[in-house]
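# Examining the three-dimensional arrangement
The primary structure of each chain is shown beneath.
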Amino acid sequence: MTTYGSFPGTRPRRLRTTPAMRRMVAETRLHPADFILPAFVREGVSEPVPIAAMPGVVQHTRDSLKKAAAEAVAAGVSGIMLFGVPEEAKKDAVGTPGTDPDGILQVALRDVRAEVGDELLVMSDLCLDETTDHGHCGVLDEQGRVDNDATLERYAEMAQVQADAGAHVVGPSGMMDGQIGVIRDALDQIGREDVAILAYTAKYASAFYGPFREAVGSSLKGDRKTYQQDPANVRESMRELALDLEEGADMVMVKPAGPYLDILARVADTVDVPVAAYQISGEYSMIEAAAEKGWIDRDRAVLEALTGIKRAGAQNILTYWATEAARMLERGRQ
């Protein structure tokens, strides 16, 4: 008796046999244009300052920042998100450097725009935490609590000076109620209707921000649990999403990325605007630390983590590996 075929007849492994086959049937593809590079620029330094908790990342000088922006352009990265680190003595209770036209972030925005023009989306962190002597994302009231509405007034001023300094996109990250609407009105009032808002829509009070505190020279004592979201909550994120869209957000973000892929997927399935995710400092540092110990293959882990974020629904990913990952992808295509 002749037997034709064998069990099982359906063999999904046929589509995994060679690199060319796997490449052809891949459902998710990373591209350099997916990436946005977060970058720190520090006032008053003559050389880049390494960030101990984030190996390979530095606090830039104005000159090294311009070089990093040019390298991002050459690699095909879409954007650069700037964070300014002022001199400690300039910090105060209301974050004055954040609205000073000559504050380090505004100076850096002008520098980068002069360097790359419109070849790279120049984006600015719109928050007070880097510029306040207490390290919170807003103005404090007499009881030491973050005053939501007083903070909104500061955010409106920040939006205007950042737009005047050349920001294509502002990224309000403070999680104040009503911040998107106030910032949109402030930009429109000065004729900056073309400046986009990337809303930090779902920003969780995460333990993974730790290395970022060093990166921005944070003065924070305590935590931000009264304004950043509770990691236990999902519906809260969807409520924040609806409010941000109603107030005029052009793009929305989930932060952190890796521990919140379920939130990212929910957001991406809900909206018709671009969705970003921020692969934050702790996510970066864990992979770098494990790779340094030889526990994982660094490059494979980097691309796998980024692929997972895109697969979950992110159109754009803020990642400290942006330029390097873009180069990895280009090498892989050659």
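Here we summarise the structure given alongside this text. (Residues numbered from 1 in each chain as written. Predicted model: local features only at pLDDT ≥ 70, side-chain atom pairs only at ≥ 80, totals over all residues. Heavy atoms only, no water.)

## Quick word on the overall build of the protein
- The secondary structure content of the protein amounts to eleven helices and ten strands.
- For 334 residues, the compact-globule estimate of 2.2 N^0.38 gives 20 Å, and the protein sits close to it at 21 Å.
- When the backbone C-alpha atoms are referred to their principal axes, the protein occupies close to 90 × 45 × 40 Å.
- A buried classification covers 51% of the 334 residues belonging to the protein.
- Considering only intrachain contacts with a sequence separation of at least 6, the fraction spanning at least 24 residues in the protein is 75%.
- Per element, the accessible surface of the protein, about 15,800 Å² overall, is 50% carbon and sulfur.
- Charged side chains of the protein number 36 positive and 51 negative; the gap between the two group centres comes to 11 Å. (Helix = DSSP H or I, 4+ residues; strand = E, 2+ residues; numbered from the N terminus. Rg over C-alpha atoms; globule rule 2.2 N^0.38 Å. Buried < 20%, exposed > 50% of the residue type's maximum accessible area, 1.4 Å probe, protein only. Contact = heavy atoms within 4.5 Å. Areas by Shrake-Rupley, 256 points an atom, 1.4 Å probe, with all protein chains shown as cover. Lys, Arg positive; Asp, Glu negative; His and termini not counted. Charge placed at Lys NZ, Arg CZ, Asp CG, Glu CD.)

## Things to note about the nonpolar core
- Core analysis: the biggest nonpolar cluster contains 91 residues, and Phe-35, Ile-80, Leu-82 and Tyr-155 have the highest contact counts within it.
- Sequence-distant contacts of Phe-35, that is, excluding residues within four places in its chain, are made with Leu-30, Val-77, Ser-78, Gly-79, Leu-306, Ile-317, Thr-319, Ala-322, Ala-325, Ala-326 and Leu-329. (Core = buried A, V, L, I, M, F, W, Y, C linked by side-chain atoms within 4.5 Å.)

## Some remarks on the pattern of salt bridges
- For the structure on display, the rule yields 15 salt bridges.
- Note that Lys-310 and Asp-34 form a salt bridge whose closest N and O atoms lie 2.9 Å from each other. Of this pair, Lys-310 sits in helix 10 (residues 298-311) while Asp-34 sits in the loop between helix 1 (19-25) and strand 1 (35-42), and the two are 276 residues apart along the sequence.
- By relative accessible area, which is 22% here, Lys-310 ends up partly exposed.
- Two residues, Lys-66 and Asp-63, come together in a salt bridge whose shortest N-O distance is 3.6 Å. Taken together, the positions of Lys-66 and Asp-63, both in helix 2 (residues 62-75) and three residues apart, correspond to about one turn of that helix.
- A relative accessible area of 24% means that Lys-66 is categorised as partly exposed.
- Within the structure, one salt-bridge network assembled from shared partners comprises Glu-288, Arg-298, Asp-299 and Glu-324. (Salt bridge = Lys/Arg side-chain N within 4 Å of Asp/Glu carboxyl O.)

## Examining the state of the cysteines
- This model, assessed by the stated rule, comprises zero disulfides.
- The cysteine Cys-127 is free of any disulfide, with Cys-137 supplying the nearest cysteine sulfur at 3.4 Å.
- According to the relative accessible area criterion, Cys-137 is buried, its value standing at 0%. (Disulfide = S-S within 2.5 Å.)

## Focus on the packing of helix 7 (residues 235-247) against helix 8 (residues 261-270)
- Running from amino to carboxyl end, helix 7 crosses helix 8 at an angle of 35°, the nearest separation of the two axes being 10 Å. Two packed elements cross with a definite hand, and for helix 7 against helix 8 that hand is right-handed. Across the interface between the two elements, Ser-237, Met-238 and Leu-241 of helix 7 pack against Ile-263, Arg-266, Val-267 and Thr-270 of helix 8.
- A per-class count over the contact of helix 7 with helix 8 returns four nonpolar, two polar and one charged. (Axes fitted to C-alpha atoms, helices over the stretch in contact; angles between N-to-C directions. Left-handed = near helix turned anticlockwise from the far one by under 90°. Nonpolar A, V, L, I, M, F, W, Y, C, P; charged D, E, K, R; others polar.)

## A closer look at the packing of aromatic side chains
- Evaluation of the coordinates by the stated rule reveals six aromatic pairs.
- Considering the side-chain rings of Phe-40 and Phe-83, the 5.5 Å spacing of their centres and the 40° angle between planes classify their relative orientation as tilted. In this pair, Phe-40 sits in strand 1 while Phe-83 sits in strand 4 (residues 79-85), placing the two residues 43 residues apart along the sequence.
- Phe-40 gets classed as buried once you look at its relative accessible area, which sits at 0%.
- Here Phe-40 and Tyr-320 contribute two aromatic rings whose centre-to-centre distance is 6.0 Å and whose plane-to-plane angle is 20°, an arrangement assigned as stacked. Of this pair, Phe-40 sits in strand 1 while Tyr-320 is found in the loop between strand 10 (316-318) and helix 11 (322-333), placing the two residues 280 residues apart along the sequence. The same class applies to Phe-40 and to Tyr-320, which are both buried.
- Here the guanidinium or amino end of Lys-203 rests over the ring plane of Tyr-209, the centre of that ring lying 5.9 Å away. (Phe/Tyr/Trp six-rings, centres within 6.5 Å; stacked < 30°, edge-to-face > 60°. Lys NZ or Arg CZ within 6 Å of the ring centre and 35° of its normal.)

## Overview of helix 5 (residues 179-189)
- Among all positions of helix 5, only Gln-179, Ile-180, Gly-181, Ile-183, Arg-184, Ala-186 and Leu-187 are buried.
- Looking at the packing, one finds that the buried side of helix 5 touches strand 5 (121-126), helix 4 (148-165), strand 6 (169-172), strand 7 (196-203) and helix 7.
- Following helix 5 by one or two positions, Gly-191 adopts a phi angle in the positive range, close to 75°.

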